[in-house]
Amino acid sequence: MSHTPHPGSSSHDNADNSPSQPELEQSLAGDESSHVDRSADADDPPVTPRRSVSLRTLQGDPAMLRADLVAIPYFATAGYLLLLVAREKRGKSTLARFLTKLLSRGGQFLGRWVDPRRVLYVALDESRRMVARSLTQLDADAGRTFVLSELTAGKQLEDIAEEIDAVRPTLVVIDALAAYTQGKLDENNATGVSAALLPLRKLAEEKEVAILMLHHSCKDRPESRGSTAIDASADQIIVMDLLDGDEIGRTFESRGRLEGGGRIALRMDPATGSYEVVDVPPDRKTEERGRDVASATRAMLDYLRANPGAGKTDVTARAGMNAKAARALFDDLVLEGTVLRTTRG
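Points about a nonpolar patch on the surface
And step 1. Nonpolar side chains collect at one region of the surface, where Val 53, Leu 55, Leu 58, Met 64 and Leu 65 lie side by side and expose about 490 Å² of accessible area between them.
And step 2. Residue assignment for the nonpolar patch shows that the elements contributing at least two residues are α2 (55-59) and α3 (62-65).
And step 3. Locating Leu 55 in the fold gives a position in helix α2.

See below:
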């Protein structure tokens, strides 16, 4: 019966198989070279990047690798642009001022401690007097809360950047998107939306602040009003809606690049700023939307089977939902490979 030696066993008892000294030296040299750090090949000439940065350089910057600062659990993470979306008069501004008070004073929130920090509240939808009264009623810290109520036309981003440098806040609230763009933004124009929001996202990263932008949702569904580029330009989307049967209760659905999203429900007293976490009820609207999406998908696929090669406009017209949602659903079907594109268009 023959045996194969274990890779780690010795073979000193077999002199015929022992390597000669030159062979041993060559073997050791080969072993040594196999452990050389080849992350930067010595044979490569040095390079001078124009716009890119090497990973080694990024690793040398402590800010690149340290954990994100979660200023307010769920609602504010430094270095990111977050979008708070809700219908008109559903309490976006009330919530934003509640968060301002919370961060300026500090305290427990969603089971975690919030350290007191400065807040810059860019109040463009309401008068400075109304905002001052509301923040005072909520007992926001007067020394850590700063209110900016006017921006120079065409220099909104520069004004906010300068004020961030002066105040050094951790949270910047902008109330709201339409007022920030001073009514000059076509919300359905993807190019214009990206041009307005992407610089804010970059500003949040560069200044290491959380920027919470308030925006209106669609009337018929809990999504940002306007182009899908609005959501795409933000790091995190927080959709706020009414809590059924509760006058001061709100549900929140958070999605995006940050951890700690999902669905929560809060009851907030606008007079005192107190809050309580409540059980999240079944999301009937989500269930209904799911059924609508399934029905629309079947309708579009049935039409395509009967009419191979039909155009996108003809197919989405069979979805039985608004045109924007139908186009988004159709694009998802193309991306997942359910629908194959045969021609441009």
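From this point, the discussion proceeds with the structure in view.
Quick look at the environment of Ala 123
And step 1. Looking at where Ala 123 falls in the secondary structure, it is placed in strand β6 (residues 119-123).
And step 2. What makes Ala 123 buried here is its relative accessible area of 2%.
And step 3. Separated by 28 residues in sequence, Ala 123 and Leu 151 place their C-alpha atoms 9.9 Å apart.
And step 4. Beyond its immediate chain neighbours, meaning those up to four positions away, Ala 123 contacts Val 131, Val 147, Leu 148, Ser 149 and Asp 175.

Digging into the packing of aromatic side chains
And step 1. Applying the stated criterion across every chain yields a total of 6 aromatic pairs.
And step 2. On the basis of an interplanar angle of 90° and a centroid distance of 5.3 Å, the ring pair of Phe 75 and Phe 252 is categorised as edge-to-face. In this pair, Phe 75 is assigned in the loop between β1 (70-72) and β2 (76-77) and Phe 252 in strand β11 (residues 249-256), connecting sequence segments 177 residues apart.
And step 3. Among the aromatic residues, those joined into a ring-pair cluster are Tyr 74, Phe 75, Phe 98, Phe 109, Phe 252 and Tyr 275.

Quick word on the nonpolar core
And step 1. Core analysis: the largest hydrophobic core is formed by 35 residues, its most contacted members being Ile 72, Phe 75, Leu 95, Leu 99, Phe 109, Leu 171 and Phe 252.
And step 2. No other element matches the 6 residues that helix α4 (residues 92-105) contributes to this core.
And step 3. Look past the residues within four positions of Leu 95 in its chain and what remains in contact with it is Phe 75, Leu 84, Met 240, Phe 252 and Met 268.
And step 4. Counting residues in each nonpolar core, the second largest holds 29 residues, with Leu 200, Val 209, Ala 229 and Val 239 among its members.

Quick notes on the pairing of strand β10 (residues 236-242)
And step 1. When you tally the buried positions in β10, you get 6 out of 7 residues, the bulk of the element.
And step 2. Both strand β3 (residues 81-86) and β10 contribute to a ladder of 4 bridges, which runs parallel. When the sheet's bridge partners are listed, Leu 83 is paired in β10 with Ile 237.

With respect to α4
And step 1. Helix length check: α4, at 14 residues, gives a terminal C-alpha distance of 20 Å against a target of 20 Å (1.5 Å per residue), a fit within 8%.
And step 2. Within α4, 11 of the 14 residues are buried, which leaves the element mostly enclosed by the surrounding structure.
And step 3. All of the buried residues along α4 are Lys 92, Ser 93, Leu 95, Ala 96, Arg 97, Phe 98, Leu 99, Thr 100, Leu 102, Leu 103 and Ser 104.

With respect to the sheet that holds strand β12 (residues 262-268)
And step 1. Strand order across the open sheet formed by 9 strands is β7-β6-β8-β9-β3-β10-β11-β12-β13, with mixed pairing between neighbours. Looking at which strands have only one partner, the edges of the open sheet turn out to be β7 (145-148) and β13 (275-278). Within this sheet the neighbouring strands show an average axis-to-axis angle of 25°, counted without direction.
And step 2. One ladder, built from 5 bridges, connects β6 with strand β8 (residues 171-175); its direction is parallel. Pairing of Val 119 across the sheet is with Leu 171, part of β8.
And step 3. Of the strands in this sheet, β3, β6, β7, β8, β9 (210-216), β10, β11, β12 and β13 are in contact with α4, which crosses β6 at around 160°.
And step 4. Packing of helix α5 (residues 128-137) onto the sheet brings it into contact with β6 and β7, and relative to β7 it is tilted by some 165°.

Digging into the pattern of salt bridges
And step 1. As enumerated under the stated definition, the model contains 19 salt bridges in all.
And step 2. A salt bridge links Arg 255 to Asp 231; the nearest nitrogen and oxygen atoms lie 3.5 Å apart. Placement of Arg 255 in strand β11 and of Asp 231 in helix α9 (residues 229-233) is noted, with a sequence separation of 24 residues between them.
And step 3. Of the residues examined, Arg 255 reaches a relative accessible area of 35% and is grouped as partly exposed.
And step 4. Across the salt bridge formed by Asp 302 and Arg 305, the nearest N and O atoms sit 2.9 Å from each other. Taken together, the positions of Asp 302 and Arg 305, both in helix α10 (residues 284-306) and 3 residues apart, correspond to about one turn of that helix.
And step 5. We classify Arg 305 as exposed; its relative accessible area is 60%.
And step 6. The network of salt bridges with common partners includes Arg 87, Glu 88, Glu 187 and Arg 225.

Each value, and the rule that gives it
- Residues numbered from 1 in each chain as written.
- Predicted model: local features only at pLDDT ≥ 70, side-chain atom pairs only at ≥ 80, totals over all residues.
- Heavy atoms only, no water.
- Patch = residues over 30% accessible without salt bridge, like charges linked within 9 Å, V, L, I, M, F, W, Y side chains within 5 Å.
- Areas by Shrake-Rupley, 256 points an atom, 1.4 Å probe, with all protein chains shown as cover.
- Salt bridge = Lys/Arg side-chain N within 4 Å of Asp/Glu carboxyl O.
- Helix = DSSP H or I, 4+ residues; strand = E, 2+ residues; numbered from the N terminus.
- Buried < 20%, exposed > 50% of the residue type's maximum accessible area, 1.4 Å probe, protein only.
- Contact = heavy atoms within 4.5 Å.
- Phe/Tyr/Trp six-rings, centres within 6.5 Å; stacked < 30°, edge-to-face > 60°.
- Core = buried A, V, L, I, M, F, W, Y, C linked by side-chain atoms within 4.5 Å.
- Pairing = 2+ DSSP bridges.
- Expected span 1.5 Å × (residues − 1).
- Axes fitted to C-alpha atoms, helices over the stretch in contact; angles between N-to-C directions.

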